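The residues making up each chain are set out below.
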Amino acid sequence: MFRILDTKQLASDVKWFRLEAPLVAKHREPGQFVIIRLDETGERIPLTMADADKERGTIELIVKAIGKTTMTLFTKEAGDTIADVMGPLGMPTEIEEVEHAVLVGGGVGTAVIYPLAKALRDKGCFVSSITGGRTKELVVLEEELKQVSDAVYATTDDGSYGFKGTVADKLVELINDKERPIGAIYCAGPVPMMKAIAELTRPFGIKTIVSLNPIMVDGTGMCGGCRVTIDGKTKFACVDGPEFDGHLVDYDELADRLTAYREQEQQSLKLMEHKRKLEQVRK
Amino acid sequence: MALTPKERMAIPRQQMPEREPEERNQDFKEVNLGFDESIAKLEADRCLQCKNSKCVPGCPVGIDIPAFLERISAGDLKGAAEILLDANALPGITGRVCPQEEQCEKVCIRAKGKNGEPVAVGHLERYVADWARENLDIKTLLADPTGIKIAIVGSGPAGLTCAGELAKKGHDATIFEALHKPGGVLTYGIPEFRLPNKIIESEVDRLREMGVKIICNVVIGRTFTIDELLDEEGFQAVFVANGAGLPIFMNIPGENLKGVYSANEYLTRSNLMGAYEFPKMDTPIIKGKHVVVIGGGNVAMDSVRTAKRLGAEEATLVYRRSRKEMPARDEEIHHAEEEGIIFKLLCNPIRYLGAEDGWVKGVECIQMELGEPDDSGRRRPIPIEGSEFIIDCDVAIPAIGTRANPLLSQATPDLKLNRWGYIEADENGMTSKEGVWAGGDIIRGAATVILAMGDGKQSAAEIDKWVREKAGLQPVG
Ligand SMILES: Cc1cc2nc3c(=O)[nH]c(=O)nc-3n(C[C@H](O)[C@H](O)[C@H](O)COP(=O)(O)OP(=O)(O)OC[C@H]3O[C@@H](n4cnc5c(N)ncnc54)[C@H](O)[C@@H]3O)c2cc1C
Ligand SMILES: Cc1cc2nc3c(=O)[nH]c(=O)nc-3n(C[C@H](O)[C@H](O)[C@H](O)COP(=O)(O)OP(=O)(O)OC[C@H]3O[C@@H](n4cnc5c(N)ncnc54)[C@H](O)[C@@H]3O)c2cc1C
Ligand code: SF4
Ligand code: SF4
Ligand code: FES
């Protein structure tokens with residue numbers, strides 16, 4: 001059992017957690033994730049560690065509630081427990097020592113770039129972070145990013161907050177700023193966004209690293225469920241990744257594989273809703 | 001009044017009572033029902049009590065089979081259980097999954113001749129183990145505690161056996177398991193209908209009672225390295241039994257279509273995660289109407305029979321040689337046939353066909369014929385040109401083997417590997433790294449439960465000797 005020590009709601013559907021996991025915390029490096037299972041009937045899902053404290057033996061997660069497991073996790077508070085937390089998993093980020101690094105996060109992908117910003121800044125890079133959402137509500141972690149970046153740009157598609165446009169539009173501006181040439185770009189978010197960013201940077205030849213989010217089960221290379229195609233070759237994202245050279249990823253295949261359980265996911269959600277309503281009626 | 005050899009010879013081999021195929025292929029409850037007392041006694045009476053019994057060396061852990069069978073004949077099940085457990089820590093498991101026809105039963109004297117049928121050693125082993133679990137409070141005698149800490153990586157049959165043996169010798173054994181539940185392939189791979197989880201759980205509980213600690217959710221190579229276990233965490237020795245769990249794909253077109261699963265993923269979803277009970281369990285699995293499984297081993301049989309139980313109208317096994325060459329246990333092949341599995345023999349997939357929406361919709365196969373024997377001694381399958389045909393499917397499962405998982409070895413560069421990536425170990429399990437032993441599938445390549453257990457036992461004996469010598473302790477019996 002792993003105890004939740006602290007929580008904080010960051011947006012209507014995004015929540016931050018600190019939990020006790022001393023063995024995981026001890027070896028965690030930026031870019032690595034854990035696989036958690038809430039309880040005996042639960043699914044195993046991967047979540048990036050936003051941070052870890054080796055001395056206190058704690059790790060931090062930032063979770064976006066999108067389906068049954070993440071929504072159930074969302075209801076947990078300090079003092080609650082999680083049955084299983086396994087990790088650290090995946091390859092740590094290869095931190096490039098460049099003068100200017102740009103981090104691009106969309107939605108909960110921002111949780112993935114947050115620790116990278118910290119690590120890059122520690123290496124002495126000038127760190128620009130772009131965090132985007134469709135509307136103001138969906139821009140997350142702007143405040144947190146400010147503490148670990150030299151410049152932070154929030155973008156909204158509808159202009160309800162910050163820069164009006166997509167994260168890609170903002171990135172174009174930064175690329176065109178010849179004052180501060182970009183050495184490397186790190187990107188995490190929805191698949192179409194990562195694809196767009198990679199296509200954008202390709203002609204400029206800027207190193208672009210993306211953090212992929214395929215469906216996972218074990219996280220140790222045993223099932224192959226997380227396979228992705230990189231430069232025409234099959235890789236297991238849980239052990240070979242989750243970060244890859246963004247210019248070599250087959251995004252369409254990844255996006256398609258992510259839809260494999262859509263029907264079942266809907267069924268789970270409906271059942272959960274139904275149970276919740278029943279409980280309300282009983283009360 | 002002992003039976004005469006002639007009377008013994010006159011008893012026919014007793015059949016294992018099974019559930020009806022049409023009933024059992026609808027659920028995940030165990031297929032075999034087990035012997036009752038009278039059948040068990042009759043079967044044990046068939047043993048000729050050979051002086052120079054051939055069956056014993058046929059068993060990788062050297063169970064004193066005639067003595068064990070004699071106790072059943074005498075009605076002394078406690079005595080039988082003691083003999084069994086003395087040599088084999090997990091008889092409820094091996095009695096169910098050992099390929100007996102290739103081991104103890106193959107060399108049984110009664111298997112000789114045209115109509116020869118061996119004594120059903122495996123079924124009797126299962127019978128006694130189940131009886132003992134229900135009726136005996138087995139207290140294993142433990143040596144005085146030594147206080148020596150030994151780490152075991154992986155909780156499959158090799159790791160469990162090694163930990164149990166070390167505990168018996170008084171050591172403080174800790175198993176580190178990557179997944180959330182112990183048992184290795186026994187838990188995540190082999191389905192309930194062949195090996196119920198409660199049997200593994202009770203074996204694991206028995207180890208815990210002996211003082212073995214099992215820590216799940218720890219991936220050696222990531223959570224800890226082996227060097228850290230030895231240098232910082234106070235372990236005197238390490239036994240590596242992480243299995244050979246990396247699925248092999250064929251590298252043919254269409255393998256990443258939705259609906260194409262490695263057998264490992266399919267079985268893990270169903271067994272470890274309980275996806276056959278979705279949505280009661282959260283983990284989903286694609287229940288195909290037409291499922292094609294590729295391969296001819298135990299893994300393929302387990303996958304195709306699982307597919308049938310998940311509701312497939314057609315569950316087809318595609319295998320590139322003939323039935324005779326199938327490496328699966330005889331009983332599994334036989335059960336699969338009874339359960340309505342379609343066998344497409346002498347054929348091999350060349351690509352998966354996908355629909356517009358990214359789902360697999362068929363497997364293109366090519367017919368094969370058998371040529372000269374290859375390295376494995378089996379006749380080599382050769383494709384027949386122009387014989388391609390398509391099998392429609394909505395789920396396809398390649399079950400063509402596994403390899404060593406490099407996760408642990410990459411983090412342990414001074415552990416010598418052979419050219420296939422398996423850990424190199426001598427006949428006692430000793431590796432190139434001081435204080436580190438290894439056994440089971442990670443040194444052999446995908447093998448069997450009983451061989452993994454034999455390795456665990458052998459290494460435990462060596463580790464015991466080594467740590468005692470280092471600590472200046474007396475050896476124990
Ligand atoms: C390496 C990695 C790191 C991640 N880090 C974070 C993070 O820090 N914060 C965060 O909020 N989310 C993160 N995710 C995504 C998170 O794992 C999914 O949102 C979660 O599994 C959804 O589960 P659910 O039951 O709530 O939703 P479901 O209804 O099951 O699924 C909703 C969506 O999540 C995807 N998904 C479902 N099951 C899995 C699974 N087992 N593995 C991966 N994706 C799945 C599906 O494609 C689907 O689109 C990460 C994913 C990966 C692979
Ligand atoms: C579906 C299937 C059916 C089979 N049927 C039969 C059968 O009928 N009869 C038979 O004799 N054999 C059968 N086998 C083969 C048999 O199961 C294996 O030979 C045997 O389990 C090997 O045992 P092991 O202890 O070496 O490894 P495993 O059983 O593979 O266990 C290894 C364990 O180590 C864990 N692990 C891996 N890496 C790490 C790490 N880095 N840190 C911590 N833990 C780790 C794994 O999660 C796993 O739990 C079957 C195999 C499969 C897959
Ligand atoms: S352990 Fe396996 S090989 Fe040995 S006697 Fe039992 S069934 Fe036969
Ligand atoms: S070889 Fe067969 S008959 Fe002889 S002792 Fe062994 S089991 Fe009995
Ligand atoms: S999640 Fe199973 S191999 Fe990557």
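Quick note: structure is the one above.
Residues numbered from 1 in each chain as written. Chains lettered and ligands numbered in written order. Predicted model: local features only at pLDDT ≥ 70, side-chain atom pairs only at ≥ 80, totals over all residues. Heavy atoms only, no water.

Q: What exactly am I supposed to notice about the overall build of chain B here?
A: Along the backbone of chain B there are 18 helices and 15 strands. Along the longest, intermediate and shortest principal axes, the C-alpha atoms of chain B span 70 × 65 × 50 Å. Relative to its 477 residues, chain B shows a buried fraction of 58%. Carbon and sulfur atoms provide 50% of the accessible area of chain B, an area that totals close to 20000 Å². Side chains of chain B give 58 positive and 73 negative charges; the mean places of these two sets differ by 3 Å. (Helix = DSSP H or I, 4+ residues; strand = E, 2+ residues; numbered from the N terminus. Buried < 20%, exposed > 50% of the residue type's maximum accessible area, 1.4 Å probe, protein only. Areas by Shrake-Rupley, 256 points an atom, 1.4 Å probe, with all protein chains shown as cover. Lys, Arg positive; Asp, Glu negative; His and termini not counted. Charge placed at Lys NZ, Arg CZ, Asp CG, Glu CD.)

Q: Is there a simple way to think about the sheet that holds strand β15 (residues 436–438) of chain B in this case?
A: Across a sheet, paired strands are connected by hydrogen bonds in the backbone, their directions being either parallel or antiparallel. Residues and elements named next belong to chain B. Spatial strand order, β3-β2-β1-β4-β15: 5 strands in an open sheet with parallel pairing. Among the strands making up the open sheet, the edge pair consists of β3 (213–215) and β15. For this sheet, the mean inter-axis angle between neighbouring strands, taken without regard to orientation, is 20°. With 3 bridges connecting them, strand β2 (residues 172–176) and β3 associate as parallel partners. Across the sheet, residue Phe-176 finds its bridge partner in β3, namely Ile-215. (Pairing = 2+ DSSP bridges. Axes fitted to C-alpha atoms, helices over the stretch in contact; angles between N-to-C directions.)

Q: Teacher, can you tell me more about the nonpolar core here?
A: Ranked by size, the top nonpolar core spans 65 residues in total, and within it Ile-72, Ile-93, Leu-124, Val-128 and Ile-463 of chain B carry the most contacts. Considering every element that reaches this core, the biggest residue donor is helix α18 (residues 449–471) of chain B, with 7 residues. Per-domain counts for this core show at least three residues from each of domain 1 (5–135) and domain 2 (149–245 + 403–471) of chain B. Dropping the residues within four chain positions of it, Val-128 of chain B is found in contact with Phe-68, Ile-72, Leu-77, Ala-80, Ala-81 and Leu-84 of chain B. Met-86, Leu-171, Ala-198 and Val-239 of chain A belong to the second-largest nonpolar core, a separate cluster that totals 40 residues. (Core = buried A, V, L, I, M, F, W, Y, C linked by side-chain atoms within 4.5 Å. Domains from an automatic or database assignment. Contact = heavy atoms within 4.5 Å.)

Q: Even after reading the chapter, I still don't get the site of ligand 2, so can you show me in this structure?
A: Residue and element names in this part refer to chain B. Taken together, 34 residues form the shell around ligand 2, and within it Val-97, Glu-177, Arg-194, Ile-220 and Asp-441 come nearest. For ligand 2, whose free accessible area comes to 1000 Å², the fraction covered by protein is 93%. Elements that contribute at least two residues to the shell around ligand 2 include exactly α9 (157–168), α14 (298–309) and α18. For the shell around ligand 2, the leading source of residues is α14, giving 3 residues. Classifying every residue of the shell around ligand 2 by side-chain character gives 19 nonpolar, 10 polar and 5 charged. Mapped onto the domain boundaries, the shell around ligand 2 takes at least three residues apiece from domain 2 (149–245 + 403–471) and domain 3 (249–400). (Near = heavy atom within 4 Å. Nonpolar A, V, L, I, M, F, W, Y, C, P; charged D, E, K, R; others polar.)

Q: What's the story with unusual backbone geometry in this structure? I'm lost.
A: The phi angle of most residues is negative, glycine excepted, and most peptide bonds adopt the trans form. Of note, the bond from Gly-87 of chain A into Pro-88 of chain A is cis; its omega dihedral lies within 30 degrees of zero at 0°. Looking at the secondary structure, you find Pro-88 of chain A in strand β7 (residues 84–89). Between Gly-241 of chain A and the following residue, Pro-242 of chain A, the backbone shows a cis peptide bond with an omega angle of 10°. Position of Pro-242 of chain A among the secondary structure elements: in the loop between α7 (237–240) and β16 (243–245). Unlike most non-glycine residues, Gln-49 of chain B shows phi in positive territory, near 55°. Structurally, Gln-49 of chain B can be placed in the loop between α3 (37–45) and α4 (55–58). Overall, the relative accessible area of 27% leaves Gln-49 of chain B in the partly exposed class. Phi angles above zero are rare outside glycine, and Asn-217 of chain B is one such case at about 65°.

Q: Explain the interface of chain A and chain B here, please?
A: Often, the extent of an interface is quoted as the loss of accessible area upon association of its parts. Each partner contributes to the interface: chain A provides 46 residues, whereas chain B provides 43 residues. When chain A packs against chain B, close to 3700 Å² is buried across both sides, 54% of that on carbon and sulfur atoms. Three residues stand out in chain A for area buried against chain B, namely Met-222, Arg-227 and Tyr-261 of chain A, and they jointly supply 18% of the buried area on that side. Joining chain A to chain B, the criterion identifies 4 salt bridges. Where Glu-233 of chain B meets Lys-26 of chain A, a salt bridge forms, and the shortest distance between an N and an O atom there is 3.6 Å. At the junction of chain A with chain B, the criterion picks out 23 residue pairs in polar contact (both at pLDDT 80 or more). Every element with two or more residues in the side of chain A that touches chain B is listed here: α1 (22–27), β7, β14 (227–230), β15 (233–236), α7, α8 (251–257) and α9 (262–282) of chain A. Ranked by residue count, the leading element in the side of chain A that touches chain B is β7 of chain A, at 6 residues. Class assignment for the residues of the side of chain A that touches chain B results in 18 nonpolar, 16 polar and 12 charged. (Buried area = accessible area lost by both parts, 1.4 Å probe. Salt bridge = Lys/Arg side-chain N within 4 Å of Asp/Glu carboxyl O. Polar contact = N/O pair within 3.5 Å; in protein donor to acceptor, adjacent residues only side chain to side chain.)

Q: Looking at this structure, how should I read the sheet that holds strand β6 (residues 81–82) of chain A?
A: Residue and element names in this part refer to chain A. The strand order β6-β1-β2-β5-β4-β3-β7 describes an open sheet built from 7 strands, whose pairing is antiparallel. Lying at the two open borders of the sheet, with one neighbouring strand each, are β6 and β7. The pairing of strand β3 (residues 33–37) with β7 spans 4 bridges and is classified as antiparallel. Note on β7: the bridge partner recorded for Ile-36 is Val-85. Sitting on the sheet, helix α3 (residues 109–122) is in contact with β4 (44–53) and β5 (58–64), with an inclination near 30° to β4.

Q: How do you make sense of the site of ligand 4 when you look at a structure like this?
A: In the region of ligand 4, the neighbouring residues are Cys-47, Leu-48, Cys-50, Ser-53, Cys-55, Pro-66, Leu-69, Cys-108 and Ile-109 of chain B. Within the shell around ligand 4, the residues separate by chemical class into 8 nonpolar, 1 polar and no charged.

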